[in-house]
Structure formats: C-alpha cells, structure tokens
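Structural characterization, general
Residues per chain are reported as follows:
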Amino acid sequence: MLVLRPGESTYDKQCELKRQRVPGQLIRVCYAAAKEKHQLKNTIISLKDITVSYDGEQVLGGFNLAIREGEFVTLLGPSGCGKTTALRTIAGFIKPDAGDVFFYDQNITSLPPHKREVNTIFQKYALFPHLNVYNNIAFGMRLKGCSEKQIKETVHRMLAMVDMSGYAHRGVSQLSGGQQQRVAIARALANEPKVLLLDEPLGALDLKLRKDMQAELKKIQQQTGITFVFVTHDQEEALSMSDTVVVMDKGMIQQIGTPTDIYNEPKNAFVADFIGESNILDGIMLEDYSVKFAGHIFHCLDGGFGSNTPVDVVIRPEDIKVVEPESTLITGEVTAVTFKGVHYEIIVDVSGFKWMIQSTECRETGDRIGLSLTPNDIHVMAKSEYSGTFGDYSTFSDEMGEDKNASSEALAEEEGNNDEI
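Read on for a plain summary of the structure. Keep in mind it's a predicted model, so treat the numbers as computed, not measured.

**Considerations on the packing of aromatic side chains**
Following the criterion strictly, the structure yields 12 aromatic pairs and no others. Taken together, a centroid distance of 6.0 Å and an interplanar angle of 40° make the contact between Phe93 and Phe122 tilted. Separated by 29 residues along the polypeptide, Phe93 in the loop between α3 (83-91) and β4 (98-103) and Phe122 in the loop between β6 (118-121) and α4 (133-143) bring together distant segments of the chain. Both rings, one in Phe270 and one in Phe390, keep their centres 6.3 Å apart while their planes meet at 50°; by these two values the pair is tilted. Of this pair, Phe270 sits in helix α10 (residues 269-274) while Phe390 sits in the loop between β20 (378-382) and α11 (398-420), and the two are 120 residues apart along the sequence. Taking NZ or CZ as reference, Lys48 lies 4.9 Å from the ring centre of Phe102, over its face. Geometry around Tyr263 places Arg316 over its ring, the cationic atom sitting 4.0 Å from the centre.

**Comments concerning the packing of helix α6 (residues 177-190) against helix α7 (residues 207-224)**
With their axes 11 Å apart at the nearest point, α6 and α7 run at an angle of 20° to one another. Between α6 and α7, the interaxial angle falls into the category roughly parallel. For the pair α6 and α7, the sense of crossing is right-handed. Contacts between α6 and α7 involve Gly177, Gly178, Gln181, Arg182, Ile185 and Leu189 from the first element and Leu209, Met213, Leu217 and Ile220 from the second. Taken together, the residues that form the contact of α6 with α7 break down as 6 nonpolar, 3 polar and 1 charged.

**Re the environment of Ser242**
Assignment of secondary structure puts Ser242 in the loop between α8 (235-241) and β9 (244-249). Of the residues examined, Ser242 reaches a relative accessible area of 0% and is grouped as buried. As a C-alpha pair, Ser242 and Val229 span 13 residues in sequence and 9.4 Å in three-dimensional space. Within the structure, the side chain of Ser242 is placed 2.5 Å from the side chain of Thr74, a separation counted as a polar contact. A distance of 2.7 Å separates a polar atom in the side chain of Ser242 from the backbone oxygen of Ala238.

**What about the pattern of salt bridges?**
All chains considered together, the criterion is met by 11 salt bridges. Among the ionic pairs, Glu117 bridges to Lys194, the shortest N-O distance being 3.2 Å. Placement of Glu117 in the loop between β5 (106-107) and β6 and of Lys194 in the loop between α6 and β7 (195-199) is noted, with a sequence separation of 77 residues between them. With relative accessibility at 39%, the residue Glu117 sits in the partly exposed group. Given the relative accessible area of 36%, Lys194 is considered partly exposed. One salt bridge connects Lys219 with Glu216, and the closest N-O pair in it is separated by 3.6 Å. With Lys219 and Glu216 both in helix α7 and 3 residues apart, this pair spans about one turn of that helix. A residue is classified by how much of its surface remains accessible, and Glu216, at 12% relative accessible area, is buried. Residues participating in the shared-partner salt-bridge network are Asp163, Glu216 and Lys219.

**Some details on unusual backbone geometry**
You will see that Asp49, though not glycine, has its phi angle at about 55°, which is positive. Tracing the backbone through its elements, the reader meets Asp49 in strand β1 (residues 43-54). Residue classification places Asp49 among the partly exposed residues on the basis of a relative accessible area of 47%. Of note in the backbone geometry, Ala294 takes a positive phi value of approximately 55° without being a glycine. Locating Ala294 in the fold gives a position in the loop between β12 (290-293) and β13 (296-299).

**Quick look at the environment of Phe103**
Tracing the backbone shows Phe103 in strand β4. Setting aside residues no more than four positions away along its own chain, Phe103 makes contact with Ile44, Ile45, Ile108, Glu117, Lys194 and Val195.

**Considering α7**
Between its terminal C-alpha atoms α7 stretches 26 Å, which fits the 26 Å expected from 18 residues at 1.5 Å a residue. Of the surrounding secondary structure, the elements contacted by the buried residues of α7 are β3 (72-76), α5 (148-161), α6, β7, β8 (227-232) and α8.

**Quick notes on the sheet that holds β8**
Read from one edge to the other, the open sheet built from 6 strands follows the order β6-β7-β8-β3-β9-β10, with strand pairing classed as mixed. Both edges of this open sheet fall to β6 and β10 (252-257), since each of them pairs with a single strand only. Between one strand axis and the next, the sheet turns by 20° as a mean value, whatever way the strands run. Pairing of β9 with β10 involves 5 bridges; the strand directions are antiparallel. When the sheet's bridge partners are listed, Val246 is paired in β10 with Ile256. Against the sheet, α7 engages β3, β7 and β8, with an angle of about 160° to β8.

Reading the values: the criteria
Residues numbered from 1 in each chain as written. Predicted model: local features only at pLDDT ≥ 70, side-chain atom pairs only at ≥ 80, totals over all residues. Heavy atoms only, no water. Phe/Tyr/Trp six-rings, centres within 6.5 Å; stacked < 30°, edge-to-face > 60°. Helix = DSSP H or I, 4+ residues; strand = E, 2+ residues; numbered from the N terminus. Lys NZ or Arg CZ within 6 Å of the ring centre and 35° of its normal. Axes fitted to C-alpha atoms, helices over the stretch in contact; angles between N-to-C directions. Parallel < 35°, antiparallel > 145°, perpendicular 65-115°, else oblique. Left-handed = near helix turned anticlockwise from the far one by under 90°. Contact = heavy atoms within 4.5 Å. Nonpolar A, V, L, I, M, F, W, Y, C, P; charged D, E, K, R; others polar. Buried < 20%, exposed > 50% of the residue type's maximum accessible area, 1.4 Å probe, protein only. Polar contact = N/O pair within 3.5 Å; in protein donor to acceptor, adjacent residues only side chain to side chain. Salt bridge = Lys/Arg side-chain N within 4 Å of Asp/Glu carboxyl O. Expected span 1.5 Å × (residues − 1). Pairing = 2+ DSSP bridges.

Printed below as a string of structure tokens:
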C-alpha cells in the first residue's frame, strides 16, 4: 500500500508509481498471483446485480462488487457516478429496485440498517450537540444494553486510539473539525462493526488536516482489522489510503485494482483522465511492442492488441523529458507555464495538440522544445466509449471545454447572421 510520506508531494508520488511499472507479461503474472492471494480472504460484502433508480433515472444498473474482509476499499468517481448510492445500499438506507446484498453468505437486502453489522460516518458527523464526547461515544453501546463498566472501558480505549484521551468531558461544540471527525470515528468503532462505511468524511476539513486524517484513518484500519469502505472523489485520498480502488462512472465500475494498478495500467480513457493528469492520444498498434502516434513510431511495453489496431495512448506528464528539439521526434512550442511549487506545469502545442509536461526545469512561453519518451513512459489502451472524450490541455475540465465549444459555435452562427444582413 502506497502512502504519501511526510514532505512528499503528489508529483513525487506519481513519479514513484510510474517507476514501478514493469512489462505487460510480468504484470499479468504478478496480477494473477496477487488475485489468488486476494481470494484467500473471505468476501464480507457482496452486491449482486444491484439496480437503483431515482425518479425513473437509473443510478446503478446491474452493479456487482465483492469486498474482502479486512480491506480498505475506496469507491472513487465524479459526482453523480453512483458511489454514495452503492454505499447507502450496503448500509441499508436504500433498498435496491433489483438485486441482492450479502453479508458473508447471508442475504441482508431486506434487513434494516440498525440490524446490519455496519456503521456509517458521514461528511456531517451527526454528533449530538447536547452530549459531551464521552456520552457521544457511549450512545450506541447504551442502546445495545452494554454495562457501564464495559462502556467506560470501551470509551477510554476508543479515545486512546484516536489520540483524544483528555477530551472525554468536552462538549462537541468546543472541538475542531478534525477532533469532531475523530469522535465520530470513535463512536462508530465503539459498537465493534464488522464494516465501517465512510461517506466523504474528510470533505469539510482543510488541506493539512485532511492529510493528517488520511494517515489516521489508515492507521486505525490497520490496528482494528475492520473492513473500511470509503467514498471520495479525491484521487489523492484514494491512492494514498486504499488497498483496493473501485473507479466508477455512470453507475458502472470502470476498473478495480490496487493504487499502483489503477495509476500505471488504466483500462480506458476515463480512468486515465480521472486518476492524475494524462496526455491521451489516438494511436495505431502496428504490432506487439510497436505503436504509432503523434506522427511517429515508438517502441512500447504493451502487446496483445493485434496488428494495425486503433488504440488510445496515455503519456503521463511527469514521464516526459524536456530536451533540445533537434534530439527527438516530438517537438512543439511552449504556450503556458505555471509554477506549482515542486514542479512547473508546461503546456506545449505539438501540431495543434496541447500536451502537458510536469518538469522541475522551467521553460519560457514561446520556447521551442523537444519531448523525449522511453518505452516505459508509453501505456496503450483499447478503444472504449470514452475514446475521444478527453482531449488535449486546451482546457482542464470537460465543462470549460464544452463552454468554449458552445461559445465558438454561437459566435460563428452570429457572424453568419451578420453576413446575411
């Protein structure tokens, strides 16, 4: 499991992840071994053919997911992808229109939330404002009829686990956001759930506190061995905390894998674009280990696509080396440079396609530069429904791109109307 070390940037982590990439054949062998080891664990939660609709609009359709005991699993995707609906289906807050939810081998689809061996932590922690920290944590145990001796022992053990031993008699309104978050975690764990569900619980925290809580959550999960199912749209959270990442879009799973798998071997253009930054180009797989894109032929590590097959080619910005234009095949003009602290983000126009480069070396707007690639820097993917959806770096978001296109079309139409007059 990869975690950001103190002082390590996302850029450094991206470079580390990429350095771990190995040839495709070896990846498949390692993946098979990891899958076999993974399957030795029991499946604690299974969602089978789940369908959920809101007001006639399908949010999840034929959704299948198996979660292993003791894992830290993250459901990752953009807003509206169905990740929270999947979480709430596990919790029992949503009853699916079709399909079944299993806890081990028991069908719990019709079981109410309070009878499931799961607890949920929401972005708004739902602490009781009229109760102090001790009584907030003790609340669930009192409902279960636990003895006061057992409650006292458990509350103090939970407070020690979240590093808040001296806060038992504080009011929750006297706590910071991070402290309230830890009380919510302690309250959820006090009931000894088999599965802890976390619905974007770090979203309201500032950046540094969020990073602290990422490390804290992973530490607690490792200490307790409880299965964590974490929902987020934040790619860094998913990469730094998870054993397994489930990337979702349009109510469907796009890819499941370790953080390294997801980053280094994205299955389609959506995953490549959503996880980190990516230059995604149209290419032709000429034969195994030989691909043509950007007007040139390159050696790569991928195979199995057949001959002369259209493919998508992914180049991560941190893998591109800036060189003199005379020494390489791909050249372009720098159109924008942004200082990001640990690196410069450089946009380069290569025959009308805007590439992004992340480099520690600064370049000036208007410079003519070369882009150097090694076989390890090139990842080839099969064409999918997302092919062509994610373009170059003329814009950074789909919404801005759509707005610009709409504005251009409207302007052209207006000019056409003026010509008619």
